[in-house]
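# Fold and geometry: a report
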Amino acid sequence: MFYKSPSFALLLASAASAPLIAPQIALADDAGIEEVVVSATRYARMTSDIGSSISVLSAEDLQKSQTVFVQEALQSVPGLTLNQNGSFGGTSSVRIRGAGSDQTVILIDGIQINDVSTTGGGFNFANLDPNGINRIEVLRGPQSILYGSDAIGGVVNVITKDGAEGLAGSLFAEGGSYNTFRAGANIVGGSEQLNFSLSASGITSDGISKADENDGNTEADGYDNISVHGKVTGKISESHSLQIISRYVDSQNDFDGFGPADANKSGSTKEFLIAGRGFFNYLDGAFENTLSVEYSTTKRRNETDGVESYNAKGDRLNLDYFGHYKIDEAFGLSFGLQHEETKVDTLADTKFNIDSVFSELSWQGLGGLTVTAGLRYDDHNAYGDTTTPRLTAAYHIADSGTKIFANWGEGFKSPSIFQLTYVCGFCGLTEPNKDLLPEESKGWEVGVEQSLMEDRLHFGATYFNQKITNMIDFDFSAGYANIANVKTQGIELSADLQLLDSLRLQGNYTFTDATDLDADVDLVRVPRNAAFAEVQWQALPELELALSLTHNGKETDPYTDGTEAWTRFDLKAAYAISDKIEVYGRVDNLFDKEYQQVHGYGTPDRSYYVGLRGTF
């Protein structure tokens, strides 16, 4: 495989020897300055004004977690669960409140990267490296008013580091179990008029057997990945600037055959995106405008015994205008236009497109109260039009550190290109289902967030309820048809306590009741109970330790017995040799728990890793 070749080793060595980005200034600090997010409204707003459930993972969170893939960090977010067909490159999906990855919009710097060539149009998290990421914002619940199709479950927006004046960087290298080696580097620099950021990383591993070794499968399935991301921003004037963003990921992995059982199979995935943006601000910043041209493509190819067995290539082109006008101190108006084209070369010559218009009005006329109301209209060239409304409200009582929020909204998901073009020959059909409709959802939530003990304790509780109709599934009479209806409801609880200056406790728990209403059974691969907890201890000024717990409840599966509940512990340590150099290490699966995320697919035993990172 490529990951064994000298060229791959050279790429890794190059990444390790190049400088990597220094941590950016956070949007919230330890002195209690409030956090600012952009994903909930598509422009910067304080979290106290947001009437939706949103969680943020900062660059510091990702570094402390020592995560190798973004999917692992997302397991610490309330309402999110992970299913992967074997570690080290196995197909990975993240569910939000029971909604699959094909019902969730995944963005990198606001650019949608869902793979339109897959059956449902979802995103495979297996190859998303955290290197170069500044923050991840996770929106839970229907978000179609701003993000269109696929945003039934929510939105995961990965925001990479920006450029800055001067020159700064950092780098890391680590290795450990299963002959795993990973290295990465970032650099950020420039001037006030022109700045840039560039990140590169790579990983190679012998891996484990995708099919569980406890079922007699002994062949290790290797994995390698190279990821490069760049961002350049030019300031034309005080009110005009331009930006170019690009990313390339090349990954290869071995995997197993039906059963699952050992087999000589391999796959390669190449992901590329590029976007150009113009920012135009007028009326002393009261009228903000963004024009974007975004293109992303994913190409996948599989081999069995060295012979091609599958290939697919999906493309997405998005033309986007977004504007926000601050009318006065109380009112703000957002509005936008979008044109999206999607195509899968291996399925059909036809391009499918959606034209959209949306607007949202916000009001802050009463101290601490923020209310929004919005509407979206989408016109798809295959199935017709869809209208999507949303209402949100947030009430922040600054003196008591209390926030109460609620929202109601609708979402939709267009049929994927595969579903729109699939002809079930063995069903006796000669054409695809022309009557396929989009999946539609109606959801609401209510929650409270509270800070106490001079901001040393934060806790939150949220109840959510959503019904999805016209769910698309396979049907022998039509190929793919709208044959399922689903209801999900549950609670999310979270707490974060700075018990001592040197001791922090944090955790969350999610209960999800996800039911297939037609079959009256639990929705597949959605645990009723999921939890995450972590203790962080600054044992010495130079030494930080952390112990985390991840719990995933029992899951059902349509064709197997499903998976049993499991609990895994992970131990991490970091020691600062100086203010520029740090050595770190971790023990994953500390107590060597045997568990599966998908029936029949294995997970790593107790694993050891050690690394070194530095900044300048």
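Residues numbered from 1 in each chain as written. Predicted model: local features only at pLDDT ≥ 70, side-chain atom pairs only at ≥ 80, totals over all residues. Heavy atoms only, no water.

## A few points about the overall build of the protein
Condition: Numbered from the N terminus, helices here are DSSP runs of H or I no shorter than four residues, and strands are runs of E no shorter than two. For a compact globule the rule gives 2.2 Å times the number of residues to the power 0.38, and the radius of gyration it is set against comes from C-alpha atoms. Only protein chains enter the calculation, and the probe is 1.4 Å; a residue is then buried if its accessible area is under 20% of its type maximum, exposed if over 50%, and partly exposed in between. The contact definition used throughout considers only heavy atoms, calling two residues in contact when any of these lie within 4.5 Å. For accessible areas, the Shrake-Rupley method is used with a probe of radius 1.4 Å. Any residue's cover is judged against the shown protein chains and nothing else. The charged-residue count follows a simple rule in which Lys and Arg add positive charge and Asp and Glu add negative charge, with His and chain termini not counted at all. Throughout, a charge is located at the NZ atom of Lys, the CZ atom of Arg, the CG atom of Asp or the CD atom of Glu.
Along its length, the protein carries five helices and 32 strands. The C-alpha atoms of the protein give 24 Å as radius of gyration, which agrees with the globular expectation for 616 residues (25 Å, within 12%). Expressed along its principal axes, the backbone C-alpha trace of the protein runs to roughly 65 × 65 × 45 Å. Expressed as a percentage of its 616 residues, the buried residues of the protein come to 53%. Contacts in the protein between residues at least 24 apart in sequence constitute 60% of all its contacts with a sequence separation of at least 6. When the accessible surface of the protein is split by element, carbon and sulfur atoms take 58% of a total near 26000 Å². In the protein, the 45 positive side-chain charges and the 84 negative ones have mean positions that sit 1 Å from each other.

## Topic: the sheet that holds strand β3 (residues 53-58)
Test applied: By this definition, two strands are paired if DSSP reports at least two bridges between them.
Read across the open sheet, the five strands follow the order β3-β8-β9-β6-β7; overall the sheet is mixed. Because the sheet does not close on itself, it has two edges, and the strands there are β3 and β7 (111-112). As paired elements, strand β8 (residues 133-140) and strand β9 (residues 154-160) share seven bridges and run antiparallel to each other. Pairing of R140 across the sheet is with G154, part of β9.

## Digging into the state of the cysteines
Convention followed: Disulfides are defined in this document as cysteine sulfur pairs within 2.5 Å.
Using the criterion set out here, one finds one disulfide in the structure. Between C424 and C427 runs a disulfide, and the two sulfur atoms are separated by 2.0 Å. With the S-S bond torsion at 55°, the cross-link from C424 to C427 turns out right-handed.

## Focus on the pairing of β9
Counting buried residues in β9 gives seven out of seven residues, a clear majority hidden from the surface. Neither face of β9 is open: one carries G154, V156, V158 and T160, the other V155, N157 and I159, and all of them are buried. Alignment of strand β6 (residues 104-108) against β9, held across five bridges, turns out to be parallel. Bridge pairing in β9 places I108 opposite V158.

## Here's the deal with unusual backbone geometry
Here the residue pair G259 and P260 is connected by a cis peptide bond, since its omega of -5° sits within 30 degrees of zero. Mapped onto the fold, P260 is located in the loop between β14 (240-257) and β15 (261-282). The phi torsion at L283 lies on the positive side, around 55°, for a residue other than glycine. Among the structural elements, L283 can be located in the loop between β15 and β16 (287-304). Relative accessible area serves as the criterion here: at 53%, L283 is assigned to the exposed category.

## Quick notes on the packing of aromatic side chains
To keep things clear, this is the line we draw: Two aromatic rings from Phe, Tyr or Trp, using only the six-membered ring of Trp, form a pair when their centres are within 6.5 Å; if the ring planes differ by under 30 degrees the pair is stacked, by over 60 it is edge-to-face, and anything between is tilted.
Taken as a whole, this structure holds 18 aromatic pairs when the rule is applied. Taking 5.8 Å as the distance between ring centres and 70° as the angle between the ring planes, the aromatic pair formed by F69 and Y223 counts as edge-to-face. Note that F69 is positioned in the loop between α2 (59-65) and α3 (70-74) and Y223 in strand β13 (residues 223-235), a separation of 154 residues in sequence. Of the residues examined, F69 reaches a relative accessible area of 5% and is grouped as buried. Note on Y223: relative accessible area 0%, which makes it buried. When the ring of F426 is compared with that of F476, the centres are 6.1 Å apart and the planes differ by 70°; the resulting orientation is edge-to-face. Of the two residues, F426 sits in the loop between α5 (417-421) and β23 (439-452) while F476 sits in the loop between β24 (457-475) and β25 (479-500), which places them 50 residues apart along the sequence.

## As for the confidence of the model for the protein
Stated formally: pLDDT runs from 0 to 100 and stands for how confident the predictor is about each residue.
When pLDDT is averaged along the protein, the result is 92, and 94% of the positions lie at 70 or above. Under a pLDDT of 50 for its full length, residues 1-32 has, in the predicted model, 84 contacts with residues more than four places off or in other chains.

## Some remarks on the environment of E72
Summarising the element assignment, E72 is placed in helix α3. Taking C-alpha positions, E72 is 22 Å from D150, a pair spaced 78 residues apart along the chain.

## Section: the environment of L366
Structurally, L366 is set in strand β19 (residues 352-366). When its relative accessible area of 49% is taken as the criterion, L366 is described as partly exposed.

## A few points about the pattern of salt bridges
Formally: What makes a salt bridge here is a side-chain nitrogen of Lys or Arg within 4 Å of a carboxyl oxygen of Asp or Glu, nothing more.
What the rule picks out here adds up to 39 salt bridges. In this structure, E534 and K572 form a salt bridge, with 3.5 Å as the shortest nitrogen-oxygen distance. Taken together, the residues E534 in strand β28 (residues 529-540) and K572 in strand β30 (residues 566-576) connect sequence positions 38 residues apart. In this structure, E534 and K572 share a single accessibility class: buried. Overlapping salt bridges, with partners in common, bring together D129, E174, R182, R586 and D588 in one network.

## Side note on the nonpolar core
For the record, the criterion: The nonpolar core is taken to be a set of buried Ala, Val, Leu, Ile, Met, Phe, Trp, Tyr and Cys residues, with the residues joined through side-chain atoms within 4.5 Å.
Counting 25 residues, the largest nonpolar core has L74, I136, V138 and V156 as the members making the most contacts within it. Residue assignment for this core shows that the elements contributing at least two residues are α3, β4 (80-84), β5 (92-96), β6, β8, β9 and β15. V156 has contacts with L74, I96, T104, V105, I106, L107, I136, E137 and V138, leaving out every residue within four places of it along the chain. Among the nonpolar cores identified, the runner-up in size contains 16 residues, and I54, V56, V105 and A151 belong to it.

## Some words on the pairing of β8
β8 sits mainly inside the fold: eight of its eight residues count as buried. Where β3 and β8 come together, six bridges link them in antiparallel fashion. Pairing of S53 across the sheet is with R140, part of β8.

## Things to note about a nonpolar patch on the surface
Heads up, the rule is: Patches in this entry comprise residues that are over 30% relatively accessible and not in a salt bridge; like charges within 9 Å are linked, as are nonpolar side chains (Val, Leu, Ile, Met, Phe, Trp, Tyr) within 5 Å.
Taken together, the side chains of L167, L194, F196, L198, V228, V232, I244, Y248, F272, I274 and F616 make up a nonpolar region of the molecular surface, amounting to roughly 920 Å² of accessible area. Those elements that provide at least two residues to the nonpolar patch are β12 (194-205), β13, β14 and β15. Broken down by element, the nonpolar patch gets its largest block of residues, three residues, from β12. Considering the arrangement of structural elements, one finds I244 in strand β14.

## A word on the environment of G100
Along the chain, the position of G100 falls in the loop between β5 and β6. Here the alpha-carbon distance between G100 and N83, two residues 17 residues apart in the chain, equals 9.9 Å. Leave out the neighbours within four places in its chain, and G100 touches V94 and R95.

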